[in-house]
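Examining the three-dimensional arrangement
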Amino acid sequence: MTPNRSPRFVSRLTRDTLALILAGGRGSRLKQLTDWRAKPAVPFGGKFRIIDFPLSNCINSGIRQVAVLTQYKSHSLIRHIQHGWSFLRAELGEFVEVLPAQQRIETSWYEGTANAVLQNLDIIHRHAPEFVLILAGDHVYKMDYGSMLAAHAESGADVTVGCIEVPREEASAFGVMAVDAQWRVTEFAEKPEHPQPLPGNPERALASMGIYIFNSRMLFDELARDRHAEASTHDFGRDIIPSLIRRYNVFAYPFRDPQTGAQAYWRDVGTVDSFWQANMELIGVTPELNLYDHDWPIWTYQEQSPPAKFVFDDEGRRGSAVDSMVSGGCIVSGASVKRSLLFSNVRVHSYCTVADSVIFPDVDIGRRSRIRRAVIDKRCVIPPGTSIGFDPVEDARRFHVSPRGIVLVTPEMMGQELHYG
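Read on for a plain summary of the structure. (Residues numbered from 1 in each chain as written. Predicted model: local features only at pLDDT ≥ 70, side-chain atom pairs only at ≥ 80, totals over all residues. Heavy atoms only, no water.)

**Focus on the overall build of the chain**
Within the chain, the regular secondary structure consists of 10 helices and 31 strands. The C-alpha radius of gyration of the chain comes to 22 Å, within 12% of the 22 Å expected for a compact globule of 421 residues. Over its C-alpha atoms, taken along the principal directions, the chain stretches across nearly 70 × 50 × 45 Å. Of all 421 residues assigned to the chain, the portion counted as buried reaches 53%. (Helix = DSSP H or I, 4+ residues; strand = E, 2+ residues; numbered from the N terminus. Rg over C-alpha atoms; globule rule 2.2 N^0.38 Å. Buried < 20%, exposed > 50% of the residue type's maximum accessible area, 1.4 Å probe, protein only.)

Spelled out as structure tokens, the structure:
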């Protein structure tokens, strides 16, 4: 699956592709981080939101017809897309448009990933794509979808499924597939209790990334068929893909680094622990996910903020940040920040220590506070002298503590009813 991909060949394919980003889910495993926002709207990486990664992948791949399907508490997500992704030219057939659940075809809200697409079929028909690219809106990675489209066309596939190898003990959280020597999918099971291992490697399994390329006419026919299937849950992984394997050409596309051939970076930041870990990886000297890559930029909306500022240089009261990422508008005033990410407009007051933590925008950390191994949600006001991450019993009484001991703090836990996404 290494076709001769000339830029012209890939550009024709991407021009004829409509990308649908499924961004309607809550992401309940992120606990209170998604009480007031959908998972794709959760801030990530110091200045982005999770949705920015699949959106940037589309734009960088040359796919400039994109629709984002929203449902759960989508206001902050829609606002972010309107502010940050309205630069495309409609008169050139380019767009990023939002498709909220509207009960267009049925009287219910979206009931599964396939049903979400079905309920927007009239809009999809209007765009008349040759290929439909289905993407999850809640994963962090950089991927050239043009290469996957080229492989899809070369193989003669009706459907192509993006896949990665995962440890078998983690595979129950994914759709798991088996393939033959040509990468044709022979079996597919959604979140199986006993995942099928890779041939010759009992410790690994082949997992779906939730990325699908469909020939559009076949997709329309299958969604119509699935609509009337009484036993169906109307989900791509549970129902659509398994039903296609013996009737159509369904191929897997392994997601690999184009330079080395090794498996490429991809993270499902679906739990508090995995979210914290993925953020912490970014502050390494040479992280797997390179946010400083000018050839594949991650686009986003950001307000105009002044540069970050570090003030005071007295013994015991020195404004500093080490092994950290600090965004615009932040002021570290006579405080110490280590191995942490500070989003925009964070205030860290004198004599504070912040370590191994992810601090969302507009957080105010009062004097002499100590914060360690924590995720602090947007607009939290931390009172002076607060200690977080040092006493597990006390932390569990006031906040959410993950299995790995990461402390999640939201405004509501601090008695601040902001209800802000």
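**Section: the sheet that holds strand β19 (residues 331-333)**
Neighbouring strands of a sheet are bound in pairs by backbone hydrogen bonds; such pairs are parallel or else antiparallel. In spatial order, the strands read β14-β19-β22-β25-β28; together these 5 strands make up an open sheet with parallel pairing. Among the strands making up the open sheet, the edge pair consists of β14 (309-311) and β28 (381-382). The pairing of β19 with strand β22 (residues 347-348) spans 2 bridges and is classified as parallel. Counterpart to I331 in the pairing with β22 is R347. (Pairing = 2+ DSSP bridges.)

**With respect to the pattern of salt bridges**
Within this structure, the stated rule accounts for 18 salt bridges. For the salt bridge of K142 with D293, the shortest nitrogen-to-oxygen distance reads 3.3 Å. Residue K142 is found in the loop between β7 (139-141) and α6 (145-155), and its partner D293 is found in the loop between α9 (272-281) and β14; the two are separated by 151 residues along the sequence. When its relative accessible area of 18% is taken as the criterion, K142 is described as buried. One salt bridge connects E222 with R247, and the closest N-O pair in it is separated by 2.8 Å. A residue pair is termed long-range when its members are at least 10 positions apart, and E222 in helix α7 (residues 216-227) and R247 in the loop between α8 (236-244) and β12 (250-254) qualify at 25 residues. Residues participating in the shared-partner salt-bridge network are R29, K39, D138 and D268. (Salt bridge = Lys/Arg side-chain N within 4 Å of Asp/Glu carboxyl O.)

**Quick notes on the nonpolar core**
One finds L55, L135, M143, Y145 and I211 to be the most contacted residues of the largest nonpolar core, which totals 41 residues. At the level of secondary structure, the elements contributing two or more residues to this core comprise β1 (17-22), α2 (52-61), β4 (65-70), α3 (75-84), β6 (131-136), α6, β8 (159-167) and β11 (204-215). Here I211 is in contact with L133, I134, L135, Y141, M143, Y145, M148, T160, V161 and G162, once residues within four sequence places are set aside. The next biggest cluster of nonpolar side chains, apart from the first, holds 39 residues, and it includes F95, L121, M177 and I241. (Core = buried A, V, L, I, M, F, W, Y, C linked by side-chain atoms within 4.5 Å. Contact = heavy atoms within 4.5 Å.)

**A few points about the sheet that holds strand β18 (residues 325-326)**
Read from one edge to the other, the open sheet built from 6 strands follows the order β18-β21-β24-β27-β31-β30, with strand pairing classed as mixed. Since the sheet does not close on itself, it has two edges, and those belong to β18 and β30 (400-401), each with one partner. The pairing of strand β24 (residues 358-359) with strand β27 (residues 374-376) spans 2 bridges and is parallel. Paired with I359 across the strands is I376, a residue of β27.

**Focus: the side chain of R49**
Among the structural elements, R49 can be located in strand β3 (residues 48-49). No salt bridge is formed by the buried R49; its nearest oppositely charged neighbour, D52, is found at 6.5 Å. For R49, the contacting residues outside a window of four places in its chain are P40, A41, V42, P43, F44, S76, H80, T300, K378 and G421. (Lys, Arg positive; Asp, Glu negative; His and termini not counted.)

**A word on the packing of aromatic side chains**
Scanning the model with the defined rule gives 13 aromatic pairs in all. With a centroid separation of 5.7 Å and an interplanar angle of 35°, the aromatic rings of W85 and F87 are classed as tilted. Judged by its relative accessible area of 1%, W85 falls in the buried class. Feature note: the residues F44, F48, F53, F275, F343 and F360 constitute an aromatic cluster, connected by ring pairs. Over the ring of F390 we find R370; its NZ or CZ atom is 3.9 Å from the centre of that ring. (Phe/Tyr/Trp six-rings, centres within 6.5 Å; stacked < 30°, edge-to-face > 60°. Lys NZ or Arg CZ within 6 Å of the ring centre and 35° of its normal.)

**Details of the packing of α7 against α8**
In the contact formed by α7 and α8, the axes pass within 11 Å of each other and the chain directions differ by 115°. Relative to α8, the crossing made by α7 is right-handed. Here α7 contributes M218, L219, E222, L223, R225 and D226 to the contact with α8, which in turn contributes F236, D239, I240, S243 and L244. Grouping the amino acids of the contact of α7 with α8 by side-chain chemistry returns 6 nonpolar, 1 polar and 4 charged. (Axes fitted to C-alpha atoms, helices over the stretch in contact; angles between N-to-C directions. Left-handed = near helix turned anticlockwise from the far one by under 90°. Nonpolar A, V, L, I, M, F, W, Y, C, P; charged D, E, K, R; others polar.)

These results come straight from atomic positions and should not be treated as a statement about function.
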